[in-house]
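Summary of structural features
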Amino acid sequence: MKISIKAPAKINLSLDVLHKREDGFHEVEMIMTTVDLADRIELTLLEENRIIVDVSEGFVPNDSRNLAYQAAQLLKDRYQINKGVHISIKKNIPVSAGLAGGSSDAAATLRGLNKLWSLHLSIDELATLGAHIGSDVSFCVYGGTALATGRGERIEHITPPPPCWIILAKPPIGVSTAEIYRNLKVDQIEHPDINEMISAINSSDYEKICKQLGNVLESVTFKLYPEVQRIKEQMIRFGADGVLMSGSGPTVFALVKHESRAARIYNGLRGFCNDVYAVRLLGERYY
Ligand code: ATP
């Protein structure tokens, strides 16, 4: 028996950090939405009691460090599963890019194994389990558009933003989320207005959404990696409606309403970096 699942990337339309918690995590408020750039996960039932991971990217671990492996292990431990699974991951989402690729692979594995191993868990139960793997996994279990709070694992669904093009560009560097948080000065943050962003999304006000984009990690990453800021400047110069860095970077995304302009920005950026994608917002939940 075999199941094939899409594991889409996310972008952050807003990312705010409120304070550092006693457990070492940061208390965040984020608006996340899924985009049509996805890894492809294939799960094959093994009668043999083991987890095997195959990844198309050589530098992504294929052992217990892989987040999809951890998702399978978590379900095995919790529900005493004596069967195994072969997890094949075709990576399309760039790695260490701020697009939650690993978290989405873990979330897709949870959804897929729920079927493959006939666990009959609800989507909310899967999202709660996902939080044990990583802060972004809960959101990735649902997909769609949501306000994520706590350390990112508390999810409130909101309506999807109006459809538009998303141009993603990633300079040839990987950014460690931990490093960016270490360099963040929480008392010097200029907070984005998350409520205004939610109201813009609720009223499908595209111009206001573009205006309200904000990510408090942007200035930290820009300082450490100036090439990320240069990509943002290029996108603005090429005529993007709104531009923001996703997560802790280094991927920068542009919102663009008109297809002809999206093509111009895409082609323009291809001159500066290899990893450029023109995709649509997904925005809707899977469940
Ligand atoms: P986030 O936006 O949630 O911070 P990211 O997009 O910055 O995530 P990922 O691509 O998820 O980063 O990968 C971060 C790290 O996780 C890498 O060091 C990678 O080796 C490891 N990793 C573990 N499992 C996976 C996976 N299935 N796909 C990609 N990376 C993985």
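Residues numbered from 1 in each chain as written. Predicted model: local features only at pLDDT ≥ 70, side-chain atom pairs only at ≥ 80, totals over all residues. Heavy atoms only, no water.

Short version of the rule: UniProt positions are given in the numbering used here, feature names are shortened, and annotations may be inferred rather than shown by experiment.
Under an unreviewed UniProt entry, the protein chain has the name 4-diphosphocytidyl-2-C-methyl-D-erythritol kinase and belongs to Anaerobacillus alkalidiazotrophicus. Quoted verbatim from the Sequence similarities (unreviewed entry) field of UniProt, the annotation for the protein chain is "Belongs to the GHMP kinase family. IspE subfamily." Looking at the protein chain in UniProt, the text filed under Pathway (unreviewed entry) is "Isoprenoid biosynthesis; isopentenyl diphosphate biosynthesis via DXP pathway; isopentenyl diphosphate from 1-deoxy-D-xylulose 5-phosphate: step 3/6."

1. Things to note about the layout of surface pockets
Our working definition: Grid points spaced at 1 Å over the protein atoms alone were grouped into cavities, where a 1.4 Å probe fits but cannot get out, and pockets, open sets with protein on both sides within 12 Å along at least five of seven lines, with lining residues defined by an atom within 4 Å of a point. Grid points are joined across faces, edges and corners, and a volume is the space filled by probe spheres set on the points. What counts as a helix is a DSSP run of H or I of at least four residues, what counts as a strand is a run of E of at least two, and both are numbered from the N terminus. Gly is put with the polar residues, along with every residue not named as nonpolar or charged; the nonpolar set is Ala, Val, Leu, Ile, Met, Phe, Trp, Tyr, Cys and Pro, and the charged set is Asp, Glu, Lys and Arg. As annotated, the domain borders come from an automatic or database domain assignment.
Estimates place the volume of the largest pocket at around 1000 Å³. What lines the largest pocket is a set of 42 residues, and nearest its centre among them are S103, S135, D136, T177 and S248. The set of elements that each furnish at least two residues to the lining of the largest pocket consists of β1 (2-20), β2 (26-46), α1 (67-79), α2 (101-116) and α5 (177-182). By residue class, the composition of the lining of the largest pocket is 19 nonpolar, 17 polar and six charged. Structurally, the lining of the largest pocket is a two-domain feature, drawing no fewer than three residues from each of domain 1 (2-157) and domain 2 (165-280). Taken as a whole, the second largest pocket spans an internal volume of roughly 430 Å³.

2. Concerning empty space enclosed by the protein
Where empty space is left in the structure can be found by rolling a water-sized probe over the atoms. For the coordinates displayed, the defined rule picks out one cavity of 30 Å³ or more. When its volume is computed, the largest cavity comes out at roughly 40 Å³. Grouping the constituent residues of the lining of the largest cavity by class yields eight nonpolar, no polar and no charged.

3. Observations regarding the packing of aromatic side chains
The condition is simple: Stacked, edge-to-face and tilted labels apply to pairs of Phe, Tyr and Trp rings (six-membered ring for Trp) whose centres lie within 6.5 Å, assigned for plane angles under 30 degrees, over 60, and everything in between, in that order. As a reminder, the over-ring test applies to NZ of lysine and CZ of arginine, requiring each to be within 6 Å of the ring centre and within 35 degrees of the ring normal.
Scanning all chains against the criterion turns up zero aromatic pairs. When the ring centre of Y206 is taken as origin, the NZ or CZ atom of K257, which lies over that ring, is 4.4 Å away. The ring of W165 has R280 sitting right over it, with the charged end atom 4.8 Å from the ring centre.

4. A look at the domain arrangement of the protein chain
By a widely used convention, the size of an interface equals the accessible area lost when the partners come together. Applicable threshold: Between two residues, a contact is recorded if the distance between any of their heavy atoms is within 4.5 Å. Throughout, the accessible surface (probe 1.4 Å) given up by two parts as they are put together, summed over both, is called the buried area. For this document, the term salt bridge refers to a Lys or Arg side-chain nitrogen within 4 Å of an Asp or Glu carboxyl oxygen. Two N or O atoms form a polar contact when they lie within 3.5 Å of each other; inside protein one atom must be a possible hydrogen donor and the other a possible acceptor, and for residues adjacent in sequence the pair counts only when both atoms belong to side chains.
One can read the domain layout of the protein chain as domain 1 (2-157) and domain 2 (165-280). For domain 1 versus domain 2, the distance between C-alpha centres works out to 23 Å. Contact with domain 1, which involves 26 residues of that partner, is made by 34 residues of domain 2. For the domain 1 face of the interface with domain 2, the top three residues by lost area are L13, L15 and V17, together amounting to 24%. For the pair domain 1 and domain 2, the number of links is zero salt bridges. Inspection of the region where domain 1 meets domain 2 yields eleven residue pairs in polar contact (both at pLDDT 80 or more). Breaking the side of domain 1 that touches domain 2 down by element, the ones donating at least two residues are β1 and β2. At ten residues, the largest contribution of residues to the side of domain 1 that touches domain 2 is made by β1.

5. Here we look at the environment of K83
You can see K83 is positioned in the loop between α1 and β4 (84-90). Beyond its immediate chain neighbours, meaning those up to four positions away, K83 contacts L45, L46, E47, E48, N49, K76 and W117.

6. Topic: the nonpolar core
For the record, the criterion: In this text, buried Ala, Val, Leu, Ile, Met, Phe, Trp, Tyr and Cys residues form a nonpolar core when linked through side-chain atoms within 4.5 Å. Think of it in three bands: with a 1.4 Å probe and only protein chains considered, a residue is buried below 20% of the maximum accessible area for its type, exposed above 50%, and partly exposed in between.
Core analysis: the biggest nonpolar cluster contains 75 residues, and V17, V85, I87, I167, L217 and M235 have the highest contact counts within it. When residues of this core are assigned to domains, at least three fall in each of domain 1 (2-157) and domain 2 (165-280). Excluding residues that lie within four positions of it along the chain, I87 makes contacts with I41, E42, L43, I51, I52, V53, D54, A68, Y69, A72 and T109. By size, the runner-up hydrophobic cluster in this structure holds 29 residues, among which are L37, I93, L99 and L255.

7. Structural notes on the pattern of salt bridges
Enumeration over the complete set of coordinates arrives at 13 salt bridges. Between R154 and E27 there is a salt bridge, and its shortest N-O distance comes to 3.9 Å. A residue pair is termed long-range when its members are at least 10 positions apart, and R154 in strand β6 (residues 154-157) and E27 in strand β2 qualify at 127 residues. Owing to a relative accessible area of 48%, R154 belongs among the partly exposed residues under this scheme. On the basis of relative accessibility, which here comes to 16%, the residue E27 falls in the buried class. Taken together, the salt bridges that share partners define one network made up of R21, D23, E27 and R154.

8. Section: the sheet that holds strand β10 (residues 252-256)
Counted only if it meets this: By the convention used here, strands pair only if DSSP detects at least 2 bridges between them. Angular values range over 0 to 180 degrees, each being the angle between N-to-C directions of two axes fitted as lines to C-alpha atoms, with helices fitted over their stretch in contact.
Pairing in this open sheet of four strands is antiparallel, and the strands run β9-β10-β7-β11 from one edge to the other. Since the sheet does not close on itself, it has two edges, and those belong to β9 (242-245) and β11 (275-280), each with one partner. Sheet twist, expressed as the mean angle between neighbouring strand axes with direction ignored, is 20 degrees. As paired strands, strand β7 (residues 165-170) and β10 are joined by five bridges and run antiparallel to one another. Paired with A169 across the bridge in β10 is V252. Across the face of the sheet, helix α10 (residues 259-270) comes into contact with β7, β10 and β11 while running at roughly 5 degrees to β7.

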